[in-house]
Amino acid sequence: MYDFVVVGAGPAGSRFARRAAADGADVLVFEQGRVGEPLACSGHVSTDIWDYTPAGARDDLLQNEVYGARFHTGGPDSEGHPFYKDEVVSNVIDRVGLDRTLAEAARDAGADLREEHTVVDVTEGRDAVRVRARGPNGTDTYEARMVAGADGPKSRVRSELDLPDPEELLHGVLGFTDDPDHDDFVDVHLTVPEFFAWRIPRGEAGVEYGLATPPGADVRARFEEFTDAYGVETDRRCSGLIPIGPPPRVTGRRSFLLGDAAAQTKPFTGGGILYGMTAADHAAREIDPADPGTLGDYEDAWRADLRTEIRLGKLVRAGYSVPEPIQRAGMRALSGEIAVHMDRPTTLFSTEQLRALLSR
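Presented here is a report on the structure given in the accompanying data block. Computed from a predicted structure; not experimentally measured.

What counts and how
Residues numbered from 1 in each chain as written. Predicted model: local features only at pLDDT ≥ 70, side-chain atom pairs only at ≥ 80, totals over all residues. Heavy atoms only, no water. Pairing = 2+ DSSP bridges. Helix = DSSP H or I, 4+ residues; strand = E, 2+ residues; numbered from the N terminus. Axes fitted to C-alpha atoms, helices over the stretch in contact; angles between N-to-C directions. Phe/Tyr/Trp six-rings, centres within 6.5 Å; stacked < 30°, edge-to-face > 60°. Buried < 20%, exposed > 50% of the residue type's maximum accessible area, 1.4 Å probe, protein only. Contact = heavy atoms within 4.5 Å. Polar contact = N/O pair within 3.5 Å; in protein donor to acceptor, adjacent residues only side chain to side chain. Salt bridge = Lys/Arg side-chain N within 4 Å of Asp/Glu carboxyl O.

Taken in spatial order, the 3 strands line up as E3-E7-E4 in an open sheet, and their pairing is antiparallel. Only two strands of the sheet have a single partner each, and these edge strands are strand E3 (44–46) and strand E4 (62–66). With strand direction ignored, the average angle separating the axes of adjacent strands in the sheet is 35°.

It is worth spelling out the packing of aromatic side chains at this point. For any pair of aromatic rings, the description rests on two quantities: the centre-to-centre distance and the angle between the ring planes. A full pass over the atoms with the stated rule returns 13 aromatic pairs. Here phenylalanine 195 and tyrosine 320 contribute two aromatic rings whose centre-to-centre distance is 6.0 Å and whose plane-to-plane angle is 85°, an arrangement assigned as edge-to-face. Of this pair, phenylalanine 195 sits in the loop between strand E13 (185–189) and strand E14 (197–201) while tyrosine 320 sits in the loop between helix H7 (295–318) and helix H8 (324–334), and the two are 125 residues apart along the sequence. Neither phenylalanine 195 nor tyrosine 320 differs from the other in exposure class; each is buried. With 6.3 Å between their ring centres and 70° between their planes, tyrosine 209 and phenylalanine 226 make a pair best called edge-to-face. Of this pair, tyrosine 209 sits in strand E15 (residues 207–213) while phenylalanine 226 sits in helix H5 (residues 219–230); the two residues are 17 residues apart in sequence, bridging distant segments of the chain. Aromatic ring contacts, followed pair by pair, group Phe4, Phe16, Phe256 and Tyr298 into a single cluster.

Turning to the environment of tryptophan 198, a few remarks are in order. Among the structural elements, tryptophan 198 can be located in strand E14. Sequence separation between tryptophan 198 and leucine 62 is 136 residues, and the spatial gap between their C-alpha atoms is 19 Å. Excluding residues that lie within four positions of it along the chain, tryptophan 198 makes contacts with Ser42, Val173, Leu174, Asp187, Glu208, Tyr209, Gly210, Leu211, Ala212 and Phe226. Within the local environment of tryptophan 198, its side chain forms a polar contact with the side chain of glutamate 208, the two groups lying 2.8 Å apart.

Moving on, we come to the pairing of strand E12 (residues 168–177). A regular strand places its side chains so that they alternate between the two faces of the sheet. In terms of residue burial, E12 counts as a mostly covered element, since 8 of its 10 residues are buried. Relative to strand E16 (residues 236–244), E12 runs antiparallel, the two sharing 9 bridges. In the sheet register, valine 173 faces E16, and the bridge partner there is serine 239. Where E12 and E15 come together, 7 bridges link them in antiparallel fashion.

Within a sheet, each strand pairs with its neighbour through backbone hydrogen bonds, oriented either parallel or antiparallel. One open sheet holds the 8 strands; their spatial order is E16-E12-E15-E14-E13-E5-E6-E18, and the pairing between them is mixed. Of all strands in the sheet, those with a lone pairing partner are E16 and strand E18 (336–337), marking the two edges. H5 rests against E12, E13, E14, E15 and E16 of the sheet, and its axis sits at about 145° to E15. Sheet strands touched by H8: strand E5 (68–72), strand E6 (81–84) and E18. Its angle to E6, the strand with the most contacts, is close to 45°.

Moving on, we come to the environment of glutamate 124. With respect to the helices and strands, the residue glutamate 124 is situated in strand E9 (residues 118–124). In this structure the C-alpha to C-alpha distance between glutamate 124 and leucine 161, which are 37 residues apart in sequence, comes to 7.6 Å. Non-local contacts of glutamate 124, meaning those with residues more than four positions away in its chain, are made with Val129, Leu161, Gly252, Arg253, Arg254 and Ser255. Of note is the side chain of glutamate 124, whose polar atom sits 3.0 Å from the backbone nitrogen of arginine 253. From its side chain, glutamate 124 meets the backbone nitrogen of arginine 254 in a polar contact 2.7 Å long.

All chains considered together, the criterion is met by 28 salt bridges. The partner of aspartate 178 in a salt bridge is arginine 236, with the nearest N and O atoms 2.8 Å apart. Here arginine 236 lies in strand E16 and aspartate 178 lies in the loop between E12 and E13, a separation of 58 residues in the sequence. Residue arginine 236 pairs with aspartate 235 through a salt bridge whose shortest N-O separation is 3.2 Å. Connected via shared salt-bridge partners are Arg34, Glu104, Arg107 and Glu115.

Structure, rendered in structure tokens:
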């Protein structure tokens, strides 16, 4: 009998496994394939990422430092409206390496992390959860006091236990080129329906191109059009779903969701690494595997922390769909030096941001 079975060894799952194991819990983690593969997420993150990684990880994972973003209402030749700081705003990192670093930290803390194990069934009972997983040596059943579903936008744990789905799923595509680019600005293009496209310089690692749209918007054709406008042909591509809008409940009788499975993501960028790991920390603090009542404490804690950020993030995203003349006017009025944190839209209303606006 394990205390926790964690399904999924992405950032949220590995973070929870590490914290729970360090606190003395008996934790088993299943990853469907190899940790970090296939890549389905951008490596552009806030500098807060290093608060969640082991010592020395920055030296191994950092690819580039970013000071701001240029926002465009058209293609690469359109006017770019800069939003920036005089200090580093964000980092570009080895995204696969991040997953592997966090998974290894979970192992070091005592979690039993097993790759190449696909969960095929999850059943909640009164006193335990039974998880069937298929691995290299066949299919076995495991028992735990709790199961954590950290298995992505199409979560098997969520569907097996009839937990509600996210409000929305976007379809994202990433592509990469290898020519080094040390520019310290990213480019954001408000040229796709209801979301945006991006170009992220990755230092010696090359350049990341990407976009996301609602399913059915012919995302691959739009991606080809976007990269053609930059005059590049990406040689490595990946795609995946981006959950937006947490469901009203992310817990069951002896189960809880983390990260993309719970849609703990930023509505205005789709990024979920920091939000997912923030929620994982709340889960590790609040949930007692012997007391299902503490699942409610987890629900309350993570929502209290992220609810306002997610709501404001939806308002920011709404700006992507206003008429182009209004977008251009707004960006001309607001562009320049900022005091905004890329993971916390509440900082749009901070005293520091007001000072930055008034100082122009």
